[in-house]
Amino acid sequence: QKELNRGIKSSEMVEMQNGGDMPDGFARAKINLEFNDNTGKIEGAGSFFSLDNLGKAKAEFLSNKKHPDLFANGVNFDAIKSQYDSKNRKVALIVAGAYYAPNTKQIEGIALEDGQMVGQDNVKSGSNGLLVIKNGNPEIQYINQIPDFNAYLEELKKQNADVFQQSSYIRPGGQFSSSNTQKWELRFFVEGERNGVAKKGIINFSTTMTYTEAVEALSKMSGFKITKAIGLDTGDMSEGYFYDKEDKKYLMIDEQVGTHRDEYTNVVVLYNE
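The rules behind the values
Along every chain, residues carry numbers that run from 1 in the direction the sequence is written. Local features are withheld for residues below a pLDDT of 70 in this predicted model, meaning they are given only at 70 or higher, and side-chain atom pairs are given and counted only at 80 or more; totals for whole chains, interfaces and linings count all residues. As a rule here, side-chain values cover all heavy atoms of the structure and leave hydrogens and water aside. Starting at the N terminus, helices and strands are each numbered in turn, a helix being any DSSP run of H or I of at least four residues and a strand any DSSP run of E of at least two. When we talk radius of gyration, it's over C-alpha atoms, and the globule rule is simply 2.2 Å times the number of residues to the 0.38. The rule is simple: take the accessible area with a 1.4 Å probe, protein chains only, and divide by the maximum for that residue type; under 20% is buried, over 50% is exposed, in between is partly exposed. In what follows, a contact means two residues having at least one pair of non-hydrogen atoms within 4.5 Å. Areas reported here follow the Shrake-Rupley algorithm with a probe of radius 1.4 Å; residue values treat only the protein chains shown as occluding. Note that His is not counted, nor are the chain ends; the positive residues are Lys and Arg, and the negative ones are Asp and Glu. A charge is said to be at NZ when it belongs to Lys, at CZ for Arg, at CG for Asp and at CD for Glu. Centre distance within 6.5 Å is the pairing criterion for rings of Phe, Tyr and Trp, where only the six-membered ring of Trp is used; planes under 30 degrees apart are then read as stacked, over 60 as edge-to-face, and the remainder as tilted. Any two strands are treated as partners once DSSP identifies two or more bridges connecting them. Each salt bridge in this description consists of a side-chain nitrogen of Lys or Arg and a carboxyl oxygen of Asp or Glu lying within 4 Å of one another. This arc corresponds to the set of directions leading from the helix axis out to the C-beta atoms.

A.B. asks: Please set out the overall build of the chain residue by residue, giving values where relevant.
C.D. replies: Looking only at helices and strands, one finds four helices and 19 strands in the chain. Relative to the compact-globule value of 19 Å for 273 residues, the chain shows a C-alpha radius of gyration of 18 Å, a close match. Along the first, second and third principal axes, the C-alpha set of the chain runs to 50 × 40 × 40 Å. Within the chain, buried positions represent 54% of all 273 residues. In the chain, of all internal contacts separated by at least 6 residues, the share reaching a separation of at least 24 is 70%. Of the accessible surface of the chain, which amounts to about 12,200 Å², a share of 42% is contributed by carbon and sulfur atoms. If the 32 positive side-chain charges of the chain are averaged to one point and the 38 negative ones to another, these points end up 3 Å apart.

So this is what it looks like as structure tokens:
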């Protein structure tokens, strides 16, 4: 295992000028990485898209069940963007969130959109992480830390919340290990502290890594102490976009595998109001 994973020599988060020119309420920071090998420092190995103003910055979960038109011939990122534009909402980022249950066109595990079930009927074992979005404010919870999960789910339905299961990678008191040696450009929803201020948002790596390497990079990141991290779907579902203040569109994709638009069952949208 030690031979298969490169150790992380350094991982740092660096401010970008003008917050990376993101829409109001959001900021983008750059992630630089160095492995314990001869590749040297990789500038811009990833980006962190943070919800900096929770009054303005919002998140939303869209499913193919509730929006068949947006997923009809494969996910239509431009149509999703246009729908938000028409409501005077400025989109910052669109990516896949929950896992796709292979050969089913279903979201894997429990999922709610606006309080309505859009996933499977049962909790998927092994996906302990839960992204819960209430009134546009996302937060990470852990299924095994909720005493009465069914009662909790009923409460979230009443609150018209968005919810989906995901793999948990960093959690209080938890330890991650994996024997998976495949490398991908991975993506995570994270919470933590930056310069004494609580921060949350999405980290997108544009460098291929194993999960072990990526989790070590998250854990060792200077400039941002990450206390919670769950996965977002990548691999085949890695195509996503972020948008700057001027509405310029930037592609994020794992070039080896990420062209499976027809398999998307859901997306997470970050936008401002």
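We are not done yet, so read on.
A.B. asks: Can you lay out the packing of aromatic side chains for me, pointing to particular residues and giving the numbers?
C.D. replies: The full count for this structure, using the stated rule, is 13 aromatic pairs. Between tyrosine 169 and phenylalanine 176 the ring centres are 5.2 Å apart and the planes differ by 70 degrees, which places this aromatic pair in the edge-to-face class. Judged by centre distance (5.5 Å) and plane angle (90 degrees), the ring pair of tyrosine 169 and phenylalanine 188 falls under edge-to-face. Here phenylalanine 188 lies in strand β14 (residues 187–194) and tyrosine 169 lies in strand β13 (residues 168–170), a separation of 19 residues in the sequence. Of the two residues, tyrosine 169 and phenylalanine 188, neither departs from the other in class, the shared state being buried. Following the ring pairs from residue to residue traces out a cluster consisting of Tyr169, Phe176, Trp184, Phe188, Phe205 and Tyr211.

A.B. asks: Got a sec to walk through the sheet that holds strand β9 (residues 116–117)? Specific residues and values, please.
C.D. replies: With antiparallel pairing, the five strands of this open sheet are ordered in space as β9-β8-β12-β10-β11. The sheet terminates laterally at β9 and β11 (137–142), the two strands that pair on one side only. In terms of strand pairing, strand β8 (residues 111–113) meets strand β12 (residues 162–166) through two bridges, oriented antiparallel. Within β12, the position partnered with leucine 112 by the bridge is valine 163.

A.B. asks: Kindly report on the pattern of salt bridges, identifying the contributing residues and their values.
C.D. replies: This structure, assessed with the given rule, holds 17 salt bridges. Residue glutamate 34 pairs with lysine 9 through a salt bridge whose shortest N-O separation is 3.8 Å. Residue glutamate 34 is found in strand β2 (residues 26–35), and its partner lysine 9 is found in strand β1 (residues 8–15); the two are separated by 25 residues along the sequence. With relative accessibility at 55%, the residue lysine 9 sits in the exposed group.

A.B. asks: Break down the environment of glutamine 120 for me, with residues and values.
C.D. replies: Tracing the backbone shows glutamine 120 in the loop between β9 and β10 (129–134). Its relative accessible area of 22% is what places glutamine 120 among the partly exposed residues. As a C-alpha pair, glutamine 120 and leucine 232 span 112 residues in sequence and 18 Å in three-dimensional space. If we ignore the near neighbours within four places in the chain, the residues touching glutamine 120 are Ala101, Gln106, Ile107, Glu108, Gly109 and Ile110.

A.B. asks: Got a sec to walk through the side chain of asparagine 204? Specific residues and values, please.
C.D. replies: Structurally, asparagine 204 is set in strand β15 (residues 197–205). Its relative accessible area of 9% is what places asparagine 204 among the buried residues. With sequence-adjacent residues up to four places away left out, asparagine 204 is seen in contact with Gly46, Ser47, Phe49, Leu186, Arg187 and Met252.

A.B. asks: I'd like a description of helix α3 (residues 149–158), backed by residues and values.
C.D. replies: Taken as a whole, α3 has its buried residues at Phe149, Tyr152, Leu153 and Leu156. Projected onto a plane normal to the axis of α3, the buried residues spread over an arc of 100 degrees and lie on a single side. Opposite the packed face of α3, turned more than 90 degrees from it, sit the exposed residues Asn150 and Lys158. Considering only its buried residues, α3 is in contact with β8, β10, β11 and β12. Downstream of α3 by a residue or two, asparagine 160 has a phi angle that is positive, lying close to 55 degrees.

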